[in-house]
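Residue strings, one per chain:
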Amino acid sequence: MTATSQPLPLQGVRVLDLTRAWAGPYATKILGDMGAEVIKVEAPFKPDARAGGNYFPDNDPGERPWNRNGVFHKNNRSKLDIALDLQQPEGRDLFRQLVAISDLVIENYTPRVMPHFGLGYDDLVGVKPDIIMVSLPGFGKDGPERDWVAYGTTLDSHCGLTQITGYVGGPPHRMAIAIGDPVGGMFGTMAALFALHQRRRTGTGQHVDLAQADTLTQFMGAPLADWSMNRRVWPRIGNRDLVYAPQGVYQCEGRDQWVALSVRDDDEWAALCAAIGQEHLACRFATAAERRMAHDEIDGIIAEWTRRQTKDQVMACLQDAGVPAGAVLSSKDLLFDPHLRARGFFEVVDHPETGPRPQLGMSWKLSETPGRITRPAPLFAEHNQFVFGRLLGLSDAGIETLEARKITSTVPLVDARPGAPGDRQRWKRIGLVSEVDPDYKEKLREFYGTD
Amino acid sequence: MEQALSDLVVLDLGEGIAAPYCARLLGAYGADVIKVEPPGRGDSARAHGPFPGDEPHPEMSGLYLYLNTNKRGVALDISTGTGRDLLLELVRRADVVVEGHPPGYLDSLGLGYTDLAAVNPRIVLSSITGFGQTGPHAGYADTEIVTAATSGQLYIQGDRGREPLKTGGTPFAYTAGIHAVLGTMTAVWARDATGRGQHVDVSAQESAAHFLQQSTTWYTYLGVVQTRIGSRMPFGHPFTILPCKDGYIAATVLPQWIDTIGLLIEQPDLANDPRFLTPQDCIENADDMDELMMRWTMRLTRDEIVERAQALRMAFDHVYTTEEMLEDPQYRHRGHFVNVEHPTVGPIAFPGAPFIMSDSPVVLTRAPRLGEHTDSVLAGRLGLGDGDIARLRDQGVIA
């Protein structure tokens with residue numbers, strides 16, 4: 001990790017994080033990267049997603065698999081971690097003591113849970129009048145669908161995105177990313193930052209109700225306008241665009257190599273024609289309407305040109321000519337991309353269970369107070385001593401009593417069911433992965449200079 | 001009305017989607033947003049549509065009307081010396097400037113970060129571009145599909161054995177705008193401690209790449225490269241879209257629920273079926289699983305399927321069209337979609353608040369006509385008289 005003496009922008013903000021899975025932890029990860037002190041609270045009998053999956057470093061579950069889960073690592077860097085059982089009254093009491101010294105509580109339980117614990121917003125205000133609480137239920141704190149189960153993977157269907165995604169003439173196509181989760185998470189961060197800002201001015205906290213189903217609809221402004229104005233529902237058009245023509249994904253030299261491009265106006269069309277040595281086409285399909293009608297023919301001409309070059313060559317050539325074009329990068333391509341490297345986008349994180357590995361870094365760059373990955377994802381209950389001892393003033397004996405009564409613990413108190421290591425060759429056989437790279441560690445070490 | 005960001009003044013120099021969307025979110029939660037557009041053509045989104053009856057008109061573009069709610073509109077040519085000076089006067093009295101021009105463009109006009117900070121050291125400048133302000137690809141042109149391609153998202157989506165498939169609409173342009181809000185608010189917060197603003201650099205490529213957490217971890221931990229497997233996901237099956245009697249449903253069944261799925265689709269032996277013992281088994285035999293599921297789904301409507309599945313606590317949901325979303329009972333209960341009236345096109349149902357703050361109501365007001373508030377902003381904010389304003393109009397600096 002880069003050492004820097006520049007201050008972190010959210011220094012001094014303390015967050016109690018009860019969230020689990022992806023959306024909530026995503027929200028608090030961003031706060032942690034910006035320097036907030038995020039205390040992740042895990043239940044001893046139900047830790048966050050430390051179990052299962054097939055993301056162990058180098059496919060080895062190790063002796064403490066609950067500390068070696070890559071999904072957990074990526075979602076929970078820049079945070080501290082304690083174990084605390086809110087099912088027990090004394091656990092809830094300790095939680096209230098933490099609320100008294102915190103700025104923000106964030107949770108994604110189903111809506112009844114926190115009030116049932118006596119830890120709803122109205123209860124917490126009694127403990128700390130200016131506390132901010134951000135709740136992330138799936139569909140909202142009340143209403144006919146309030147108890148529905150959502151995973152990020154179904155929200156894109158609920159919010160209209162899946163309906164407009166698909167090959168021409170094909171069925172709706174599921175997004176490869178459960179986009180509802182990180183988007184819900186980002187709006188969670190936004191809610192926290194807005195509430196902190198308001199409190200600075202007014203002195204009062206508030207409760208934010210963030211239904212994940214309310215967030216992805218933000219992307220649907222244009223189709224919704226078309227419905228209101230024209231009673232028209234958008235068709236599935238594959239990789240084409242309703243306005244720009246041509247637009248598409250074209251095959252390049254090599255195995256499964258592609259480039260994407262768009263032509264937004266007649267100038268870009270002329271530039272594209274010149275770049276591919278077909279200047280005469282600029283007049284032949286001079287308007288977007290003509291290009292839309294001849295899209296199949298134009299696709300064929302473009303593909304004839306791209307298939308003889310690498311995707312990087314095509315991208316460079318067309319961008320030099322001012323045409324929007326992008327190489328279709330795999331996750332591996334991303335990790336070794338020269339532009340992202342120059343940007344310092346991936347940051348190396350040295351987790352005690354994995355050694356140094358690059359992770360996606362900051363979502364934006366700040367010129368004066370840059371964020372950074374402040375620490376690797378915490379081990380289970382790693383900060384019990386700091387939080388119970390230093391922050392709450394409990395003695396060692398006091399903490400031991402809590403452990404004896406299972407109000408806290410130092411290891412998960414449930415079989416974490418880590419599952420077997422992944423069969424990578426089988427994944428390749430069934431097509432989940434395009435490549436199993438035996439030299440990945442060496443390549444990463446070399447590229448990121450982590451020897 | 002007191003709202004979260006009532007104390008912030010924002011100048012929106014953006015065009016298209018990302019930067020205007022960032023400013024729109026700030027405005028929805030109370031910021032005073034002044035949109036600054038070039039006289040004549042205005043924001044490029046005015047030419048994008050959709051339009052009523054598909055007849056282009058700069059005051060009737062659905063995309064523009066959606067992205068520019070809660071803003072006042074000024075038409076000002078910032079490429080002129082006078083226009084530049086006027087903008088700097090507005091910056092003097094502002095907290096945030098949001099823009100999406102190619103890196104270096106504002107600098108070339110004498111309106112780069114250092115120029116703005118010289119006039120107002122507390123200004124936060126948020127710049128959103130395709131590839132960021134720095135690096136070998138800085139300044140490259142970007143559209144939604146280019147962002148999808150270069151962020152890793154496109155490669156892993158679509159059917160095996162054919163070209164990858166982009167997600168419909170423009171989710172990654174919006175994502176860049178969301179990140180800009182977060183970066184802006186972080187900078188505003190930090191300003192209290194440092195006394196100074198700063199430059200926020202948002203790259204659409206990097207914003208979208210953040211969705212690739214699982215894929216990149218698969219490589220850094222296991223050396224495997226995730227690829228596309230059709231309308232499915234690598235965590236197990238069914239995580240997919242299935243047809244039913246009256247449309248499509250989305251099903252997400254975590255591996256530990258294989259018994260319950262058998263119960264749901266009236267196949268009690270499913271849990272013991274050797275084809276479906278582990279998540280990888282389910283993926284490998286996904287076609288068989290789909291066939292069993294469809295025997296059940298094709299007999300039922302979406303409502304019936306979702307109701308039965310949700311009763312068993314399983315994450316099934318409708319594949320909604322835009323029209324159907326507006327009819328969804330939960331969205332109606334929450335008043336999520338809001339009708340915004342327009343003198344030009346009548347009411348449009350827009351999504352309302354992405355989250356509900358107990359102390360900061362969201363009220364959407366319609367997008368401004370080009371130059372609708374030029375006079376009132378110049379008079380009200382900068383104290384210009386009628387004579388000055390008329391002169392500027394004659395010179396073509398404002399409209």
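Here the structure is a predicted model, which is why all the values come from computation and not from measurement.

Reading guide: rules and limits
Residues numbered from 1 in each chain as written. Chains lettered and ligands numbered in written order. Predicted model: local features only at pLDDT ≥ 70, side-chain atom pairs only at ≥ 80, totals over all residues. Heavy atoms only, no water. Helix = DSSP H or I, 4+ residues; strand = E, 2+ residues; numbered from the N terminus. Buried < 20%, exposed > 50% of the residue type's maximum accessible area, 1.4 Å probe, protein only. Areas by Shrake-Rupley, 256 points an atom, 1.4 Å probe, with all protein chains shown as cover. Lys, Arg positive; Asp, Glu negative; His and termini not counted. Charge placed at Lys NZ, Arg CZ, Asp CG, Glu CD. Contact = heavy atoms within 4.5 Å. Pairing = 2+ DSSP bridges. Axes fitted to C-alpha atoms, helices over the stretch in contact; angles between N-to-C directions. Disulfide = S-S within 2.5 Å. Core = buried A, V, L, I, M, F, W, Y, C linked by side-chain atoms within 4.5 Å. Salt bridge = Lys/Arg side-chain N within 4 Å of Asp/Glu carboxyl O. Buried area = accessible area lost by both parts, 1.4 Å probe. Polar contact = N/O pair within 3.5 Å; in protein donor to acceptor, adjacent residues only side chain to side chain. Nonpolar A, V, L, I, M, F, W, Y, C, P; charged D, E, K, R; others polar.

Let's talk about the overall build of chain B
No. 1: In terms of regular secondary structure, chain B is built from 17 helices and 13 strands.
No. 2: Considering only C-alpha atoms, chain B reaches an extent of 85 × 50 × 40 Å along its principal axes.
No. 3: Taking all 399 residues of chain B together, the buried fraction comes to 64%.
No. 4: Accessible surface, chain B: about 12900 Å² in total, of which carbon and sulfur atoms supply 50%.
No. 5: The averaged location of the 50 negative side-chain charges in chain B is 3 Å from the averaged location of its 31 positive side-chain charges.

Topic: the overall build of chain A
No. 1: Looking only at helices and strands, chain A has 19 helices and 13 strands in total.
No. 2: Counting only C-alpha atoms and orienting by the principal axes, one finds that chain A spans roughly 85 × 55 × 45 Å.
No. 3: Among the 451 residues that make up chain A, the fraction classed as buried is 61%.
No. 4: Expressed as a percentage of contacts within chain A between residues at least 6 apart in sequence, the contacts between residues at least 24 apart total 68%.
No. 5: Carbon and sulfur atoms form 50% of the exposed surface of chain A, whose accessible area is close to 16300 Å².

Details of the sheet that holds strand 8 (residues 258-262) of chain A
All names here are of chain A.
No. 1: Here three strands make up an open sheet; going across it, the order is 7-8-9 and the pairing antiparallel. Unpaired on one side and paired on the other, strand 7 (247-251) and strand 9 (325-327) mark the two borders of the sheet. Strand-to-strand twist of the sheet, defined as the mean angle between neighbouring strand axes without regard to direction, takes the value 20°.
No. 2: As paired elements, strand 7 and strand 8 share five bridges and run antiparallel to each other.

Points about the state of the cysteines
A covalent bond between the sulfur atoms of two cysteines is referred to as a disulfide.
No. 1: One pass over the structure, following the stated rule, counts zero disulfides over all chains.
No. 2: Here Cys244 of chain B is not cross-linked by a disulfide; its sulfur's nearest cysteine counterpart is in Cys159 of chain A, at 18 Å.
No. 3: A relative accessible area of 5% means that Cys244 of chain B is categorised as buried.

Some details on the sheet that holds strand 2 (residues 32-37) of chain B
No. 1: Taking strand neighbours across the sheet as the criterion, the seven strands line up as 12(A)-6(B)-5(B)-4(B)-1(B)-2(B)-3(B) in an open arrangement whose pairing is mixed. Of all strands in the sheet, those with a lone pairing partner are strand 12 (365-366) of chain A together with strand 3 (72-75) of chain B, marking the two edges.
No. 2: Bridge analysis of strand 4 (residues 96-99) of chain B against strand 5 (residues 124-129) of chain B gives four bridges, and the strand direction is parallel. Looking across to strand 5 of chain B, one finds that Val98 of chain B is bridged to Ser126 of chain B.

Let's talk about the nonpolar core
No. 1: In terms of nonpolar packing, the biggest core is built from 169 residues, with Phe194 of chain A together with Phe316 and Phe355 of chain B touching the most fellow members.
No. 2: With 12 residues, helix 7 (residues 171-194) of chain B is the largest single contributor of residues to this core.
No. 3: Setting aside residues up to four positions removed in sequence, Phe316 of chain B forms contacts with Ile249, Ala250, Ala251, Val253, Ile261, Leu264, Met293, Trp296, Ile305, Val306, Ala309 and Gln310 of chain B.
No. 4: Listed in part, the 32 residues of the second largest apolar core include Leu86, Leu87, Ala94 and Ile389 of chain B.

Here's the deal with helix 1 (residues 18-28) of chain B
Residues and elements named next belong to chain B.
No. 1: Taking burial as the measure, the 11 residues of helix 1 include 11 buried ones, the bulk of the element.
No. 2: By the burial criterion, the buried members of helix 1 are Ala18, Ala19, Pro20, Tyr21, Cys22, Ala23, Arg24, Leu25, Leu26, Gly27 and Ala28.
No. 3: One or two steps after helix 1, the chain reaches Gly30, where phi turns positive at roughly 115°.

Side note on the pattern of salt bridges
No. 1: What the rule picks out here adds up to 64 salt bridges over all chains.
No. 2: With its nearest N and O atoms 2.5 Å apart, the salt bridge here joins Glu37 of chain A to Arg14 of chain A. Of this pair, Glu37 of chain A sits in strand 2 (residues 37-42) while Arg14 of chain A sits in strand 1 (residues 14-17); the two residues are 23 residues apart in sequence, bridging distant segments of the chain.
No. 3: When the shortest N-O distance is used, the salt bridge between Glu163 of chain B and Arg162 of chain B registers 3.4 Å.
No. 4: For Arg162 of chain B, a relative accessible area of 34% corresponds to the partly exposed category.

Side note on the pairing of strand 8 (residues 239-244) of chain B
All names here are of chain B.
No. 1: By the criterion of burial, strand 8 is predominantly enclosed, with five of the six residues buried.
No. 2: Relative to strand 9 (residues 247-252), strand 8 runs antiparallel, the two sharing six bridges. Bridge pairing in strand 9 places Pro243 opposite Tyr248.
No. 3: Here strand 8 folds back onto strand 9 in antiparallel fashion, the turn holding two residues.

Some words on the interface of chain A and chain B
No. 1: Across the boundary between the two partners, chain A contributes 163 residues, which contact 160 residues of chain B.
No. 2: At the boundary of chain A with chain B, total buried surface from both sides reaches about 14400 Å², with 62% on carbon and sulfur atoms.
No. 3: Sorting the residues of chain A by area buried against chain B places Tyr167, Arg174 and Phe194 of chain A first, and these three jointly supply 6% of that buried surface.
No. 4: Inspection of the region where chain A meets chain B yields 11 salt bridges.
No. 5: Close ionic contact of Arg426 of chain A with Glu284 of chain B constitutes a salt bridge, the shortest N to O distance being 2.6 Å.
No. 6: In this assembly, chain A and chain B are joined by 73 residue pairs in polar contact (both at pLDDT 80 or more).
No. 7: With 16 residues, helix 7 (residues 180-202) of chain A is the largest single contributor of residues to the side of chain A that touches chain B.
No. 8: Looking at the side of chain A that touches chain B residue by residue, the classes come out as 85 nonpolar, 49 polar and 29 charged.
No. 9: In terms of strand pairing, strand 12 of chain A meets strand 6 (residues 199-203) of chain B through two bridges, oriented antiparallel. Looking at strand 6 of chain B, one finds that Lys365 of chain A is bridged to Asp201 of chain B.

Observations regarding the environment of Asp269 of chain B
Residues and elements named next belong to chain B.
No. 1: If you trace the backbone, Asp269 turns up in the loop between helix 10 (258-264) and helix 11 (279-284).
No. 2: Its relative accessible area of 59% is what places Asp269 among the exposed residues.
No. 3: Sequence separation between Asp269 and Thr216 is 53 residues, and the spatial gap between their C-alpha atoms is 37 Å.

Interpretation note: all reported values are geometric properties and have no functional meaning in isolation.
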